[in-house]
Amino acid sequence: MTTFYLIRHGQTDTNIYGGFNGSLNDQPLNEVGLKMVAGLTAVFEDVPLDAIYVSPLHRAVQTAEAVRGKRDMPLRLEPQLMETDFGALDGMDWLAAKKQYPRECQEWIRRPASFRAPGAAESVRDVWVRVFTAFLRILRENRGGTVAIVAHGMVFSLLTAKLLGIKLKNYRLLPMLSNAAYRVLRVEDDGHVCLNEWEHNGHLEPAWQLHPRHLRKRVRRARRGIPRRAFCLPLKMTKKEKKQYGV
C-alpha cells in the first residue's frame, strides 16, 4: 500500500477574494497563510514521510517547508504539479474577469473540461493529463511508501476526480480542499484507491475551514455508490490510457 498526503498551500492575497490564482500568479503566502501552514508542522511531525513532492510555485514551496519541519530531506520540485495556466485571467477576481472577458467566463462555467483561458498555454484537459501523469510516476517511484504532495486546489480536484472515475466535466462536483488542509489517499497494491475523508482541517481555526456538506450531497446524487466519508474504488483507466501510462 502507498499512502499519499495531498496538501493544499496556505492562503495568498488572491485566495481572499476568490480570484484566478494560477501558475502565472506566483504570490507568496500572506500573513494568514503563514499562520495556516505553521499548524502543518505539528500535524506531520510524526508522519513517516519518505518523500515530499511540491509544485515549484512560491506558495506551495513555503507550505512544503512547513510540512518538512526539522526533517533533513529535500523538497522534490515537480513542474507538472503547478496550478492551471489562467492566462490573462490570472490574478483577476471573478467580477473583473466577467466584465472584461464575458464570453470566456461563460465558457468556464458551461464547458469546464475544454476551457482554455485567453492567452493560456494549456486547457483544463491538458492540466488533467499532466497532473495524472505526474501522480502515476510518483506512485511508481514510491511504491509501498508514504508521500506528501504539496500543490494547489484545482490540481487536487482534477486528480481526485480522475482517480475516482469521475468524468472531467463533473470534477467540480468534488469539494475543493481548503487552504492548508489535506486529503489522504491510499493506493492498494491491487490498484484500489481509498479515500477516508474529503479533507482534514482540524489544525485550522474554524474561520479558515471550508464546510463542503452541500457538495457532498451533490457527489452522492451524481455517484450514488460513493459513501459520504470512506470509500475504496479500483483505479479506472481507458484502454488508451493503459497503453499510454502502463499498468
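Computed from a predicted model, the values in this text were never measured in an experiment.

## What about the side chain of serine 123?
Part 1: By the secondary structure assignment, serine 123 is in the loop between helix 5 (102-110) and helix 6 (124-141).
Part 2: The class of serine 123 is buried, set by a relative accessible area of 8%.
Part 3: Each residue touching serine 123, except ones within four places of it in the same chain, is listed here: Ser114, Phe115 and Arg116.

## Overview of the pattern of salt bridges
Part 1: Applying the stated criterion to the full structure yields seven salt bridges.
Part 2: For aspartate 126, the salt bridge identified is with arginine 116, shortest N-O distance 3.7 Å. Residue aspartate 126 is found in helix 6, and its partner arginine 116 is found in the loop between helix 5 and helix 6; the two are separated by 10 residues along the sequence.
Part 3: By relative accessible area, which is 34% here, aspartate 126 ends up partly exposed.
Part 4: A relative accessible area of 43% places arginine 116 in the partly exposed class.
Part 5: Arginine 137 is the partner of glutamate 141 in a salt bridge, and the nearest nitrogen-oxygen pair spans 3.7 Å. A residue pair is termed a helical-turn pair when its members lie 3 or 4 positions apart in one helix, as glutamate 141 and arginine 137 do in helix 6 at four residues.

## A few points about the side chain of threonine 12
Part 1: Examined against the element boundaries, threonine 12 turns out to sit in the loop between strand 1 (2-8) and helix 1 (13-16).
Part 2: Residue classification places threonine 12 among the buried residues on the basis of a relative accessible area of 0%.
Part 3: Within the structure, threonine 12 has its side chain in polar contact with the side chain of asparagine 21 (distance 3.1 Å).
Part 4: Excluding its chain neighbours within four sequence positions, the residues that come into contact with threonine 12 are Asn21, Gln27, Pro28, Leu29, Asn30 and Arg59.

What counts, and where the lines are drawn
- Residues numbered from 1 in each chain as written.
- Predicted model: local features only at pLDDT ≥ 70, side-chain atom pairs only at ≥ 80, totals over all residues.
- Heavy atoms only, no water.
- Helix = DSSP H or I, 4+ residues; strand = E, 2+ residues; numbered from the N terminus.
- Buried < 20%, exposed > 50% of the residue type's maximum accessible area, 1.4 Å probe, protein only.
- Contact = heavy atoms within 4.5 Å.
- Salt bridge = Lys/Arg side-chain N within 4 Å of Asp/Glu carboxyl O.
- Polar contact = N/O pair within 3.5 Å; in protein donor to acceptor, adjacent residues only side chain to side chain.

Distances and angles like these do not, on their own, reveal function.
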